[in-house]
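A closer look at the structure
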Amino acid sequence: NASPGHLEDLCDLLISEVKKITITTSVMVWDRMTPELYAKMFKAGFRTLMWGIESGSDTVLEAMGKRGNAAEAGRNLRLAREAGLTNLIFIILGHPAENQAEFEETLDFLRRNRDFIDRIEMIQPCYIQQGTRLAENMNRKGVVVPGDLYEFGSWILGGNNLFERQRRVHEARDEAVRLGIPVN
């Protein structure tokens, strides 16, 4: 759905030329998606959408360079569900821009949108991989990597360490289960 116009053209082609198909695909939060386009996606054979939601905090989403914000993500999940589509989401916790307040915003996002989330496909701590924008900027952000342990999860930023990130993962998983959202 990087281009809603191309997506609509694809749906039209699938509807006219392919009689029975089931499609699972990754999608992005996009403010140009409409109820009509989600309905057309369903008619064309789309059934399951996989969303890299990552966070329910606008602060973290902006730091990640994500398109859209938490409210737009919720709107897209709702519209997709109303069209009959299944929503699977992915969450990353403990990004360097995430403090406890931002983590709570993600839990609140799950609470507000639980009726539109069919499953959390993955909840994982933030890993910093070499060669990424985050890795290139980590020293400016004050991220410390102990010794020569450039393992993906070993970085520290104040109280944001691997143990804290794992604690957040467990807390979010427990909250999702409490809300009735299945977690893979």
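Attention here is on the structure that accompanies the text.

The rules behind these values
Residues numbered from 1 in each chain as written. Predicted model: local features only at pLDDT ≥ 70, side-chain atom pairs only at ≥ 80, totals over all residues. Heavy atoms only, no water. Helix = DSSP H or I, 4+ residues; strand = E, 2+ residues; numbered from the N terminus. Buried < 20%, exposed > 50% of the residue type's maximum accessible area, 1.4 Å probe, protein only. Contact = heavy atoms within 4.5 Å. Areas by Shrake-Rupley, 256 points an atom, 1.4 Å probe, with all protein chains shown as cover. Lys, Arg positive; Asp, Glu negative; His and termini not counted. Charge placed at Lys NZ, Arg CZ, Asp CG, Glu CD. Pairing = 2+ DSSP bridges. Axes fitted to C-alpha atoms, helices over the stretch in contact; angles between N-to-C directions.

Turning next to the overall build of the protein. When its secondary structure is counted, the protein shows seven helices and four strands. Its helices and strands taken in sequence order, the protein reads α-β-α-β-α-α-β-α-β-α-α from the N to the C terminus. By its C-alpha atoms, the protein is 60 × 35 × 25 Å across when sized along the principal axes. Taking all 184 residues of the protein together, the buried fraction comes to 43%. Intrachain contacts of the protein at a sequence separation of at least 6 include 74% that bridge at least 24 residues. When the accessible surface of the protein is split by element, carbon and sulfur atoms take 51% of a total near 9,500 Å². Charge centroids of the protein, computed over 23 positive and 26 negative side chains, lie 4 Å from each other.

This paragraph deals with the sheet that holds strand E1 (residues 23-27). With respect to topology, four strands assemble into an open sheet ordered E1-E2-E3-E4, the strand pairing being parallel. This sheet does not close on itself; its edge strands, each paired only once, are E1 and strand E4 (119-125). Direction aside, neighbouring strands of the sheet carry axes that sit 15° apart on average. Note that strand E2 (residues 46-54) and strand E3 (residues 86-93) share five bridges and pair parallel. Counterpart to Thr48 in the pairing with E3 is Thr86. The sheet contacts of helix H4 (residues 70-82) involve E2 and E3, and relative to E2 the element is tilted by about 170°. In the packing of helix H5 (residues 100-113) onto the sheet, the strands contacted are E2, E3 and E4, and the crossing angle to E3 comes to about 170°.

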